[in-house]
Amino acid sequence: VTGASPIVMDLAAVRKVLAAARALGGPIGTSIELCILTLALPWEVVAIRLERIDWQEGVVPIPARGGRERLLHLPVTARSLILRIAGEGAGDGQAVTAGRGEPLKARHLRLDRVLPRLVGANGAPLQSWNFHGIRLSGAMIMSQHGVCSNTMLAIFGQEWRRSTTPLAGWHLNRAGPGIERWNAIINGR
């Protein structure tokens, strides 16, 4: 279940991992759930800071490769999850811990550490998977449901340059509806 190569899953397997993450709860379960809902990687999800979330636009800047930042779109389900964890005041600090306690690091989300807990929470074996596989599976499933490749490019990493350039607007116009569509698919709507 580990390694650099993506392990592709079908929609039923993604939903099973999502259900296990929800059953697990806590910062680890929340992080895995956010990875699935946003198609982000663990190091991106643990970087979400409550005070940096633009609740109106549904985006948050997160670190990107090369010392840059990119916008991560937070679908309604992800924002609801964060608000449920952090409370209506939202506050500040790490989103997955609601700014309380020791911040979670990406190393805490290594599959060899979380898989036994997920299986225990789910009560049933899970298909082999990894976080890069969830992203690739998401892209493949969205493609099967008619989401175009430009929308997926926006979801997976157009960087944000802290300006109101056309690229930033393009990102919001493409990624927002695309990730909402992904959430509708995985939540069976």
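### Re the confidence of the model for the protein
Next, step 1: On average, residues of the protein score 84 in pLDDT, and 86% of them are at 70 or above.
Next, step 2: Across residues 159-171, where pLDDT falls below 50, the model places 22 contacts with residues more than four positions away in sequence or in other chains.

### Notes on the pairing of strand β2 (residues 68-73)
Next, step 1: Judged by how many residues are buried, β2 sits mostly within the fold: 5 of 6 residues are covered.
Next, step 2: As defined by bridge partners, strand β1 (residues 59-64) adjoins β2 across 6 bridges and the pair is classed as antiparallel. For Pro61, the partnering residue across the bridge sits in β2 and is Leu71.
Next, step 3: Counted between consecutive antiparallel strands, the loop separating β1 from β2 contains 3 residues, among which Gly66 sits at a positive phi close to 75 degrees.

### With respect to the packing of aromatic side chains
Next, step 1: What the rule picks out here adds up to 1 aromatic pair.
Next, step 2: An angle of 80 degrees between the planes, with centres 5.1 Å apart, marks the rings of Trp129 and Phe131 as edge-to-face. Phe131 matches Trp129 in its accessibility class, with the two residues each being buried.

### Quick look at the packing of helix α2 (residues 26-38) against helix α4 (residues 76-86)
Next, step 1: Between α2 and α4, the shortest axis-to-axis distance is 9 Å and the interhelical angle comes to 160 degrees. Overall, the two elements α2 and α4 adopt an arrangement that is roughly antiparallel. Note on packing geometry: the crossing formed by α2 with α4 is left-handed. Across from Thr30, Glu33, Leu34, Leu37 and Thr38 in α2, the residues of α4 making contact are Thr77, Ala78, Leu81, Ile82 and Ile85.
Next, step 2: Taken together, the residues that form the contact of α2 with α4 break down as 6 nonpolar, 3 polar and 1 charged.

Reading the values: rules and limits
Residues numbered from 1 in each chain as written. Predicted model: local features only at pLDDT ≥ 70, side-chain atom pairs only at ≥ 80, totals over all residues. Heavy atoms only, no water. pLDDT = per-residue confidence, 0-100. Contact = heavy atoms within 4.5 Å. Buried < 20%, exposed > 50% of the residue type's maximum accessible area, 1.4 Å probe, protein only. Helix = DSSP H or I, 4+ residues; strand = E, 2+ residues; numbered from the N terminus. Pairing = 2+ DSSP bridges. Phe/Tyr/Trp six-rings, centres within 6.5 Å; stacked < 30°, edge-to-face > 60°. Axes fitted to C-alpha atoms, helices over the stretch in contact; angles between N-to-C directions. Parallel < 35°, antiparallel > 145°, perpendicular 65-115°, else oblique. Left-handed = near helix turned anticlockwise from the far one by under 90°. Nonpolar A, V, L, I, M, F, W, Y, C, P; charged D, E, K, R; others polar.

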